[in-house]
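What follows is each chain in one-letter form.
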Amino acid sequence: MKTRRTLRLISLCMLIVAVVFVFCALSVPTLGKTIYIGSFVFGAEQWRICYMIYVIVMAGLFIASFFVKKSGGKGRSEGE
């Protein structure tokens, strides 16, 4: 039970940090530096997509933490 609680607390902290980061990043009009890779331009709209993917992944990790099963017990290895 302690492992699940710890995992949920860590996941919640990670999610809060991610949401604050994305909020701050999206409030900046330029959203970072434009990168040119050959003829491909990675600009503000592409950064916005990266930030949104980051939030979706972090939310997914937080939600997944609620579906972690209890560990078997002390002293048991994974293969047993």
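Residues numbered from 1 in each chain as written. Predicted model: local features only at pLDDT ≥ 70, side-chain atom pairs only at ≥ 80, totals over all residues. Heavy atoms only, no water.

Chemist: I would appreciate a short explanation of the packing of aromatic side chains in the present structure.
Modeler: Aromatic rings in a pair are described by how distant their centres are and how their planes are angled relative to each other. Counted under the stated rule, the structure contains one aromatic pair. With a centroid separation of 6.3 Å and an interplanar angle of 55°, the aromatic rings of Phe40 and Phe42 are classed as tilted. Of the residues examined, Phe40 reaches a relative accessible area of 43% and is grouped as partly exposed. (Phe/Tyr/Trp six-rings, centres within 6.5 Å; stacked < 30°, edge-to-face > 60°. Buried < 20%, exposed > 50% of the residue type's maximum accessible area, 1.4 Å probe, protein only.)

Chemist: Could you clarify how one ought to interpret the environment of Arg48 in this entry?
Modeler: Looking at the secondary structure, you find Arg48 in helix H2 (residues 44-64). Measuring from C-alpha to C-alpha, the distance between Arg48 and Val22 comes to 8.8 Å, with 26 residues separating the pair along the chain. (Helix = DSSP H or I, 4+ residues; strand = E, 2+ residues; numbered from the N terminus.)

Chemist: Would you explain H2 in this entry?
Modeler: Three or four residues apart is the spacing at which side chains of an α-helix point the same way, because the helix has 3.6 residues per turn. Given a rise of 1.5 Å per residue, 21 residues ought to cover 30 Å, and the 30 Å separating the end C-alpha atoms of H2 matches this to within 8%. Of all the positions in H2, only Tyr51, Met58 and Phe62 are classed as buried. In an axial view of H2, the angular spread of the buried residues amounts to 40°, which keeps them on one side of the axis. The outward face of H2, more than 90 degrees from its buried face, is lined by the exposed residues Glu45, Ile49 and Ile56. (Expected span 1.5 Å × (residues − 1). Arc of directions from axis to C-beta.)

Chemist: Help me understand a nonpolar patch on the surface, please; the structure alone is not making it clear to me.
Modeler: Together, Ile10, Met14, Ile49, Ile53, Val57 and Leu61 line one region of the surface with nonpolar side chains, adding up to about 540 Å² of accessible area. Looking at the nonpolar patch, the elements that each hand over two or more residues are helix H1 (2-27) and H2. Considering every element that reaches the nonpolar patch, the biggest residue donor is H2, with four residues. Summarising the element assignment, Ile10 is placed in helix H1. (Patch = residues over 30% accessible without salt bridge, like charges linked within 9 Å, V, L, I, M, F, W, Y side chains within 5 Å. Areas by Shrake-Rupley, 256 points an atom, 1.4 Å probe, with all protein chains shown as cover. Salt bridge = Lys/Arg side-chain N within 4 Å of Asp/Glu carboxyl O.)

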